[in-house]
Amino acid sequence: MVTVIHPNLEATDAKMRASNVSVYYGDKKAIDDVSIEVPSKYVTAFIGPSGCGKSTFLRALNRMNDTIPSARVEGTVELDSEDIYSDAMDVVHLRARVGMVFQKPNPFPKSIYDNIAYGPKIHGIAEKKDDLDEIVQTSLTRAGLWEEVKDRLTDSGTALSGGQQQRLCIARAIAVDPEVILMDEPCSALDPIATAKIEELIAELSGSYAIVIVTHSMQQAARVSQRTAFFHLGKIVEYGKTSDIFTNPIEQRTKDYITGRYG
Amino acid sequence: MSDTPIPTRNAARDAAFTARLKKRYAQERRFKYTGLAAILFSVAVLLVLLGNMTINGLAGFQRAEVAVELNLSELGIAANALTLSEPGALQALEIQGLKDITQFYTEQQLGADAAAGVSEQAWREVAAQVIADPEILQQNYTYHLPASPDLASAYAGEGDPAMQAMAADMVEKGQLSRNWDWGFLTRSDATNPQEVGIWGALKGSMLTMLVTLALAFPIGVLAALYLEEYAPKNRWTDVIEVSINNLAAVPSIIFGLLGLAVFLSVFPSYRSAPLIGGMTLALMTMPVIVISGRNAIKAVPPSIRDGALAIGASPVQVVFHHVLPLALPGILTGTIIGMARALGETAPLLMIGMRAFVATPPDGFTSPATVLPVQIFLWSDEIDRGFVERTSAAIIILLLFLLLMNGLAIYLRNRFERKW
């Protein structure tokens, strides 16, 4: 089975390029020989049924799988043509360039201010208080949270509502000025209104960062993304422009999935 | 659709159900009352223990004292505030014959028999009072001197009838009385129960605990962090884990033997020293800290680690900025439990010689000392009846010390929890 690349897909400059990537958990092969390009100015959505390896593949893009002792990655993943699994690539530096937002909002149990300022502080992006203040304000503004929290920056980040927490996590990711933002089902724990806000935010951010979003909701993929990859059983079945995948899929399995026959 | 009719209300079934329900409630009530009885029993035992201890212990903060009025400057003691503030003041007073003067004039005032009921070391208390307040040198001042063990027990209604009669006579004349003895908190061990104090043992305990904390806390926390955050999960770490769990369950006397065999053969001149005691107790406390520390670290949600890693924190930054501060309240709780156990520990310290009779408080980590529980053990072993109450008083001090330590730890824990 080879990935079907939709014929309408025009070439764009790739921010990240995965070639023949396989991920193993112990003996189990979770991702099987996946190749894909992540374009630099678009939102790419990974869709597919549960357990198909979307999240595993996403975590391979910023080496978060390193924290799982049994996980092993084969193939190459390139960020701006540099292999991120080579010895020359420092994993800390990589994660500063490729940020991540998780399924469950996970703000640090510190103040809202410290949540945002933590990244810039450890990377030495801002040393002075004024610079930090500015980064905190811009990040929160970009995440659409500034107006809601500007009067209570010293409150704990965990005291916010679920949707606000998730936007705080996005602001935290933006604060270190990454090139790529990976989002692992960022709305699955949120109500529809909070989800709508996050989707708006993704649309706004898409001009500035390469965004990859894993989602269970096909409507969400259709709304926020310009590129869609359909994962099934550890492989990418079909990849193309979002409009093409949803209106004119080539593979039978893609058709079945988007029409709700399984998954 | 099936043709089964919808069940209707059935009187017989309802009655059976009600009966069963009654039984179930009865069972619940029985369970509740048994639990309540267990609690009441524990509280009663605790109250009896504390009440008994307080009644005995309060008497332990008092002692039998003989009142003697002296005007020392008239009796030939030449000293002033300046000389008395010097370190050698006690020796200076001794050279001037304070001991003989005290003895002679006590005899003159009370008669030979009664004077024999004053402790031989009484002059030291006179000296201490004079040094504390040089003004009293120049005037007629009533010194309350500790009674001898015989007189004290006669006063308490025990021993030689003649002695008891004399004690009763002295009480009538206002020469003998039981007074609050705050010196108990500042003196050290002695042979006469009227002259003992707890300060030596208390200071010994503090020094020992400091050594224990300084060794066990960092080693325990670092070991826990390494095992949880860095160590690969393989057979070797399993072996280490099992060993640490076993170490926490080893009887404390074994640690005493280890301290004796290892520490004392390396530092043979530090027998009875808080340094060695603290090292021995640290061995015992460390596994407790490691185990509780690992549990506290495990309880930190992995999502926090992921969040920190995902914005590019290095593993060390994840540990020290996020995991450790979040786990610290739990680690502190474990440390308190370990330290409290160490504070009450007697057996291992007996092995390394901290049961010696030490009449002066230790002036450092390497000078001979004893600790509170050992002091309690030693006093409870004494023949003189006067030590019974002193033992209870020492127990109260030990419990208060424990309470203070726990209070401090709870305060620290809450502080950290608020901040994070």
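Before reading on, note that the structure itself is shown above.
For the structure given in this document, a descriptive report is provided here. (Residues numbered from 1 in each chain as written. Chains lettered and ligands numbered in written order. Predicted model: local features only at pLDDT ≥ 70, side-chain atom pairs only at ≥ 80, totals over all residues.)

A few words now on the overall build of chain B. Within chain B, the secondary structure is distributed over 17 helices and three strands. The C-alpha radius of gyration computed for chain B amounts to 31 Å, which surpasses the reference 22 Å derived for 420 residues by more than 25%, pointing to a less compact arrangement than a globule. Along the longest, intermediate and shortest principal axes, the C-alpha atoms of chain B span 115 × 65 × 40 Å. Each of the 420 residues in chain B was classed as buried or not, and the buried ones make up 37%. (Helix = DSSP H or I, 4+ residues; strand = E, 2+ residues; numbered from the N terminus. Rg over C-alpha atoms; globule rule 2.2 N^0.38 Å. Buried ≥ 20, exposed ≤ 12 C-beta atoms within 10 Å, placed from the backbone.)

With that settled, the discussion passes to the overall build of chain A. From N to C terminus, chain A includes ten helices and eleven strands. A compact globule built from 263 residues should have a C-alpha radius of gyration of about 18 Å, and chain A, at 18 Å, falls within 12% of that. For chain A, the C-alpha atoms occupy an extent of roughly 55 × 45 × 35 Å along the three principal directions. A buried classification covers 46% of the 263 residues belonging to chain A. Here the analysis covers contacts within chain A between residues at least 6 apart in sequence; of these, 70% occur between residues at least 24 apart. (Contact = placed C-beta atoms within 7 Å.)

To continue, consider the sheet that holds strand β11 (residues 235-241) of chain A. Paired through their backbone hydrogen bonds, the strands of a sheet run either parallel or antiparallel. All names here are of chain A. Spatial strand order, β1-β11-β10-β4-β9-β8-β7: seven strands in an open sheet with mixed pairing. In this open sheet, the two strands that pair with only one neighbour each are β1 (4-5) and β7 (98-101). Of the pairings in the sheet, the one linking strand β10 (residues 227-232) to β11 comprises six bridges and is antiparallel in character. Bridge pairing links Ala229 to Tyr239 in β11. Lying on the sheet, helix α6 (residues 162-175) is in contact with β7 and β8 (180-184); it crosses β7 at an angle near 170°. (Pairing = 2+ DSSP bridges. Axes fitted to C-alpha atoms, helices over the stretch in contact; angles between N-to-C directions.)

Here we take up the environment of B:Val211. Residues and elements named next belong to chain B. Its place among the elements puts Val211 in helix α9 (residues 199-230). What makes Val211 buried here is the crowd of 21 C-beta atoms within 10 Å. Beyond its immediate chain neighbours, meaning those up to four positions away, Val211 contacts Pro274, Leu275, Gly278, Met279, Ala282 and Phe365.

Turning to helix α1 (residues 11-60) of chain B, a few remarks are in order. Here α1(B) contains 50 residues, and its C-alpha end-to-end distance of 73 Å stays within 8% of the 74 Å for a straight helix at 1.5 Å per residue. Along α1(B), only two of the 50 residues are buried, which leaves the element largely exposed. (Expected span 1.5 Å × (residues − 1).)

So, about the packing of helix α4 (residues 98-110) of chain B against helix α6 (residues 122-132) of chain B. Residue and element names in this part refer to chain B. Remark: α4 packs on α6, axes separated minimally by 9 Å, with the N-to-C direction vectors making an angle of 110°. Classified by the interaxial angle, the pair formed by α4 and α6 is roughly perpendicular. The two elements α4 and α6 meet at a crossing, and its hand is right-handed. Residues Leu98, Lys99 and Thr102 of α4 touch α6, and the partners they reach there are Ala122, Trp123, Val126 and Ala127. For the contact of α4 with α6, the residue count by class is five nonpolar, one polar and one charged. (Parallel < 35°, antiparallel > 145°, perpendicular 65-115°, else oblique. Left-handed = near helix turned anticlockwise from the far one by under 90°. Nonpolar A, V, L, I, M, F, W, Y, C, P; charged D, E, K, R; others polar.)

Turning to the interface of chain A and chain B, a few remarks are in order. Across the boundary between the two partners, chain A contributes 21 residues, which contact 16 residues of chain B. Elements supplying a minimum of two residues to the side of chain A that touches chain B: α2 (91-97), β7, α3 (112-123) and α6 of chain A.

Residues and elements named next belong to chain A. The end-to-end C-alpha distance of helix α7 (residues 192-205) is 20 Å, a good match for the 20 Å that 14 residues give at a rise of 1.5 Å each. For α7, every residue scored as buried is listed here: Ile198, Leu201 and Ile202. Down the axis of α7, the smallest arc covering the buried residues is 100°, so these residues share one side. The exposed residues of α7 that point more than 90 degrees off its buried face are Pro192, Ile193 and Glu204. In this structure, the buried residues of α7 make contact with β4 (43-47), α6, β9 (210-214) and α8 (218-224). (Arc of directions from axis to C-beta.)

In terms of nonpolar packing, the biggest core is built from 80 residues, with A:Phe46, A:Ala171, A:Leu182, A:Ile211, A:Val212 and A:Ile213 touching the most fellow members. Looking at this core, the element that brings in the most residues is α6(A), giving seven residues. Excluding its chain neighbours within four sequence positions, the residues that come into contact with A:Ala171 are A:Ile116, A:Ser139, A:Leu140, A:Arg142, A:Ala143 and A:Leu145. One finds B:Phe263, B:Met286, B:Val300 and B:Val323 within the second-largest nonpolar core, a separate group that totals 60 residues. (Core = buried A, V, L, I, M, F, W, Y, C linked by C-beta atoms within 7 Å.)

It is worth spelling out the sheet that holds strand β2 (residues 141-146) of chain B at this point. All names here are of chain B. The strand order β2-β1-β3 describes an open sheet built from three strands, whose pairing is antiparallel. Each having just a single partner strand, β2 and β3 (176-180) make up the two edges of the open sheet. Geometrically, the sheet is characterised by an average inter-axis angle of 50° between neighbouring strands, direction not taken into account. Note that strand β1 (residues 62-70) and β2 share six bridges and pair antiparallel. Considered in β2, the bridge of Glu69 is made with Thr142.

With that out of the way, let us pick up the packing of helix α4 (residues 129-142) of chain A against α6(A). All names here are of chain A. At a minimum axis distance of 8 Å, the contact between α4 and α6 shows a crossing angle of 130°. Our classification of the angle between α4 and α6 gives oblique. Remark: the crossing between α4 and α6 carries right-handed chirality. Residues Ile135, Ser139, Leu140 and Arg142 of α4 touch α6, and the partners they reach there are Ala171, Ile174 and Ala175. Residues of the contact of α4 with α6, tallied by class, amount to five nonpolar, one polar and one charged.

Residue and element names in this part refer to chain A. Sheet topology note: the strand β2 (residues 14-25)/strand β3 (residues 28-39) ladder contains eight bridges and is antiparallel. Residue pairing across strands places Arg17 opposite Glu37, the latter belonging to β3. Between β2 and β3, which follow one another and run antiparallel, lie two residues, and Gly26 among them has a positive phi close to 65°. As judged from the eight bridges shared by β2 and strand β5 (residues 71-79), these two strands associate in the antiparallel manner. Following the sheet pairing, Val23 is matched in β5 by Val73.

Right, let's get into unusual backbone geometry. Residue and element names in this part refer to chain A. For Asn20, which is not glycine, the phi dihedral falls at a positive 50°. The topology assignment puts Asn20 in strand β2. The phi dihedral of Asp177 falls on the positive side, at around 55°, and the residue is not glycine. Tracing the backbone shows Asp177 in the loop between α6 and β8. We classify Asp177 as partly exposed; it has 18 C-beta atoms within 10 Å.

Let us now look at the pairing of β10(A). Residue and element names in this part refer to chain A. Burial within β10 is extensive, with six of its six residues counted as buried. Burial along β10 is two-sided: Arg227, Ala229 and Phe231 facing one way and Thr228, Phe230 and His232 facing the other are all buried. As paired elements, β4 and β10 share four bridges and run parallel to each other. Looking across to β10, one finds that Phe46 is bridged to Ala229. What sits between β10 and β11 in their antiparallel hairpin is a turn of two residues, with Leu233 showing a positive phi close to 50°.

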